[in-house]
Amino acid sequence: MGKQIRLIPYLFVILALMQSCAFLGSPRVQAPCDGDFEALFPVIQAADGLEIVGKARLEVGQYRIRGLLRVVYSTQENAARLDFRSSSLFGTIEEDVTVLVGDSIIIFDRESGTYFGNDSARALVEDKMGEKITAQDVLLALLFSFPRCAELRSPAIEYSGAGWRLKAEWRGRRIEMRGERGAGVSELGFRFEGEKSRYGITYGRPVASATVRYPAWIKLSKDAGGAKALFEVNEIKEVTPPASLFEAGGSMGR
């Protein structure tokens, strides 16, 4: 019994060391923005493009809706097509919207037959989201393109073990990105110029795939409230997108 009592102080020392290590973590190391850092971003290796299908939930102000989202991305065009459909319990279509994102943003509301070109589409998004969101913002949020070092102002990069963090100004936004080697991006934060609110995007662990490293889910939220979205991936496959797919009147495919 006496021996066990004498061991107690050593156990407390061990626990204290474990807690301090957990608190301190790996030391943070400053690093330059260069090709080695850019290589940490996930690369889509599909030859032509991807089709990603899943369930989506949206909350913007009083607007709440859920449905199916299909995203088709063309590596050659560096463009994405988002087809969102929702229906009632009885199968009646409530929302049927296509968004084309590339050099610009185009929105086509199939239910009403309304077409929004780049300027009117961006004005519509700004009215609903409260921010001047561009096509590049959307492609970055979907992890289809990434800021290069040449595009960043005042980049600050830190490594901590397998983790990394970037803080910089990009296209008039303050961005912060976190990730891990071999796992891609885990967090992305946007703070638009002149705005106090911040958009935060978190990414699930990559789904198992031989050619694509893409998160199992994507969650978006706004610090000041007013916008939330969740995209849960059900299926990813390589496709060869036809040129007509990136036209507002192109085939829905599903």
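Please refer to the structure placed before this passage.
These numbers come from a predicted model, not from an experiment. (Residues numbered from 1 in each chain as written. Predicted model: local features only at pLDDT ≥ 70, side-chain atom pairs only at ≥ 80, totals over all residues. Heavy atoms only, no water.)

Student: Before we go on, may I ask you to explain the state of the cysteines in this structure?
Tutor: Every disulfide links exactly two cysteines, by a covalent bond between their sulfur atoms. If you walk through the whole model with that rule in mind, you get one disulfide. With its sulfur 2.1 Å from that of its partner, C33 forms a disulfide with C149. Between C33 and C149 the disulfide shows an S-S torsion of about -85°. By sign, it is left-handed. Here C33, found in the loop between β1 (29-31) and α2 (35-38), pairs with C149, found in the loop between α4 (135-141) and β8 (152-160); they are 116 residues apart in sequence, far enough to count as distant. A residue is classified by how much of its surface remains accessible, and C149, at 16% relative accessible area, is buried. (Disulfide = S-S within 2.5 Å. Helix = DSSP H or I, 4+ residues; strand = E, 2+ residues; numbered from the N terminus. Buried < 20%, exposed > 50% of the residue type's maximum accessible area, 1.4 Å probe, protein only.)

Student: I would appreciate a short explanation of the pairing of strand β11 (residues 184-192) in the present structure.
Tutor: Successive residues of a regular strand alternate their side chains across the two faces of the sheet. Note that strand β10 (residues 173-180) and β11 share eight bridges and pair antiparallel. Paired with G179 across the two strands is V185, which belongs to β11. Once β10 ends, the chain turns through three residues before running back antiparallel as β11, passing G182 with a positive phi of about 80°. (Pairing = 2+ DSSP bridges.)

Student: For this particular structure, what's the right way to read the packing of aromatic side chains?
Tutor: Each aromatic ring pair is summarised here by two numbers: the centre-to-centre distance and the angle between the ring planes. Tallied over the full model, the rule gives eight aromatic pairs. Look at F37 and W164: their rings are 5.3 Å apart centre to centre, the planes differ by 90°, and that puts the pair in the edge-to-face class. One end of the pair, F37, is in helix α2; the other, W164, is in strand β9 (residues 163-170), with 127 residues separating them in the sequence. On the basis of an interplanar angle of 25° and a centroid distance of 5.9 Å, the ring pair of F144 and Y214 is categorised as stacked. Highlighted residues: F144 in the loop between α4 and β8 and Y214 in the loop between β12 (199-203) and β13 (217-222), separated in sequence by 70 residues. This pair shows no difference in class: F144 is buried, exactly as Y214 is. An aromatic cluster of at least three residues, connected via ring pairs, comprises F37, F41, F146 and W164. Here the guanidinium or amino end of K219 rests over the ring plane of W217, the centre of that ring lying 5.7 Å away. (Phe/Tyr/Trp six-rings, centres within 6.5 Å; stacked < 30°, edge-to-face > 60°. Lys NZ or Arg CZ within 6 Å of the ring centre and 35° of its normal.)

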